[in-house]
Amino acid sequence: MTTILGLSGSLRRASYNTGLLRAAADLTPDGVTMQIGSIHEVPLYDADKEAEAGLPDAVQSLQDQLAAADALLLVTPEYNNGIPGVFKNAIDWMSRGPGLDLFVGKPVAVIGASPGGFGTLLAQDHWLPVLRTLRTRPWLDGRLLVSRAGPLFDDDGNLVDETTRARLSEFITGFAETCR
Ligand code: FNR
């Protein structure tokens with residue numbers, strides 16, 4: 001069994017990106033499971049707190065999930081043409097302590113959704129230097145930019161647009177092939 005850890009970079013209840021992640025979990029091919037992690041409880045990174053108390057429980061839990069996963073899927077919103085701070089903060093925490101080794105060589109894919117016309121194009125590109133620094137294996141064979149997201153999701157943030165679900169299925173199947 002291949003396991004992909006999926007993280008959404010939004011804390012919003014009806015987030016498009018969290019909905020995209022749930023849909024990706026629904027659409028993983030046979031033999032692949034998506035473990036959905038959460039960044040909700042990750043505090044702001046503070047080197048003093050880290051020195052005093054080590055890794056917070058939420059970070060430890062995410063590191064354990066990453067250690068158990070064959071690959072990582074980042075579902076990123078775009079804020080001001082870049083990575084949302086809460087998401088980068090979570091990955092920064094996860095890279096601390098024994099965390100850096102957990103990223104090295106790991107296949108990582110990035111997708112995202114936004115109400116705008118470019119579907120997180122710039123945020124996805126902003127992840128590349130981070131993924132390089134963490135010495136991951138960014139998966140670049142596919143690309144999923146979900147633009148004009150509003151009508152594609154219901155009020156609870158579930159992805160209901162069949163065309164987008166088909167694009168997502170193709171993406172996640174291709175990524176899963178790399179992860180096996
Ligand atoms: C945004 N949003 C946004 N969208 C986009 O496509 N490009 C951008 O540069 C920005 N910038 C931006 C800055 C800030 C501070 C906020 C709060 C929002 C809109 C954003 O895509 C929208 O709020 C999405 O709904 C966020 O994703 P979730 O929470 O639905 O997953």
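For the structure, check the block above.
Residues numbered from 1 in each chain as written. Predicted model: local features only at pLDDT ≥ 70, side-chain atom pairs only at ≥ 80, totals over all residues. Heavy atoms only, no water.

What to know about unusual backbone geometry
For step 1, the next point in the chain: Phi at Thr120 takes a positive value of approximately 75°, unusual for a residue other than glycine.
For step 2, the next point in the chain: Tracing the chain through its elements places Thr120 in the loop between β4 (107–113) and α6 (121–133).
For step 3, the next point in the chain: Residue class for Thr120 comes out buried when judged on its relative accessible area of 1%.
For step 4, the next point in the chain: Positive phi outside glycine occurs at Arg135, with the angle close to 60°. (Helix = DSSP H or I, 4+ residues; strand = E, 2+ residues; numbered from the N terminus. Buried < 20%, exposed > 50% of the residue type's maximum accessible area, 1.4 Å probe, protein only.)

Looking at the nonpolar core
For step 1, the next point in the chain: Leu20, Leu73 and Leu168 are the most contacted members of the largest nonpolar core, which has 27 residues in total.
For step 2, the next point in the chain: Of all elements in the fold, only α1 (16–26), β2 (32–36), β3 (71–75), β4 and α7 (162–179) reach the threshold of two or more residues within this core.
For step 3, the next point in the chain: Among the elements that take part in this core, α7 stands out by supplying 6 residues, more than any other.
For step 4, the next point in the chain: Once residues lying within four places of it in the same chain are set aside, the contact partners of Leu73 are Ile4, Leu5, Gly6, Leu7, Leu21, Ala24, Met34, Ala109, Ile111, Phe171 and Ile172.
For step 5, the next point in the chain: The next biggest cluster of nonpolar side chains, apart from the first, holds 26 residues, and it includes Leu5, Phe87, Trp93 and Trp127. (Core = buried A, V, L, I, M, F, W, Y, C linked by side-chain atoms within 4.5 Å. Contact = heavy atoms within 4.5 Å.)

So, the layout of surface pockets
Gaps between atoms show up when a probe of the same size as a water molecule is rolled over them.
For step 1, the next point in the chain: The computed volume of the largest pocket comes to approximately 170 Å³.
For step 2, the next point in the chain: Together, Val108, Ala109, Val110, Gln124, Asp125, Leu128, Leu131, Pro138, Trp139, Leu140, Gly142 and Arg143 line the largest pocket.
For step 3, the next point in the chain: Elements supplying a minimum of two residues to the lining of the largest pocket: β4 and α6.
For step 4, the next point in the chain: A total of 4 residues in the lining of the largest pocket trace back to one element, the largest contributor, which is α6.
For step 5, the next point in the chain: Across the lining of the largest pocket, the residue classes break down as 8 nonpolar, 2 polar and 2 charged. (1 Å grid on protein atoms, 1.4 Å probe; cavity = no way out; pocket = protein on both sides within 12 Å on 5 of 7 lines; lining within 4 Å. Points joined across faces, edges and corners; volume = space filled by probe spheres on them. Nonpolar A, V, L, I, M, F, W, Y, C, P; charged D, E, K, R; others polar.)

Concerning the pairing of β3
For step 1, the next point in the chain: Counting buried positions over the 5 residues of β3 gives 5, a clear majority of the element.
For step 2, the next point in the chain: By the bridge criterion, 5 bridges tie strand β1 (residues 2–8) to β3 in an arrangement that is parallel. In the sheet register, Ile4 faces β3, and the bridge partner there is Ala71. (Pairing = 2+ DSSP bridges.)

A few points about the side chain of Ser8
For step 1, the next point in the chain: Mapped onto the fold, Ser8 is located in strand β1.
For step 2, the next point in the chain: Engagement of the side chain of Ser8 in a polar contact is seen with the backbone nitrogen of Ser10, the distance being 3.2 Å.
For step 3, the next point in the chain: For Ser8, the side chain forms a polar contact with the side chain of Thr18, separated by 2.8 Å.
For step 4, the next point in the chain: In this structure Ser8 touches Ser15, Asn17, Thr18, Leu21, Ile39, Val75 and Phe87, once residues within four positions along its chain are discounted. (Polar contact = N/O pair within 3.5 Å; in protein donor to acceptor, adjacent residues only side chain to side chain.)

Examining the site of the ligand
For step 1, the next point in the chain: Surveying the vicinity of the ligand reveals the residues Ser10, Arg12, Ser15, Tyr16, Asn17, Pro77, Glu78, Tyr79, Asn80, Asn81, Ser114 and Pro115.
For step 2, the next point in the chain: Considering the ligand on its own, with 620 Å² of exposed area, one finds that the protein chains cover 69% of that surface.
For step 3, the next point in the chain: Partitioning the shell around the ligand into residue classes produces 4 nonpolar, 6 polar and 2 charged. (Near = heavy atom within 4 Å. Areas by Shrake-Rupley, 256 points an atom, 1.4 Å probe, with all protein chains shown as cover.)

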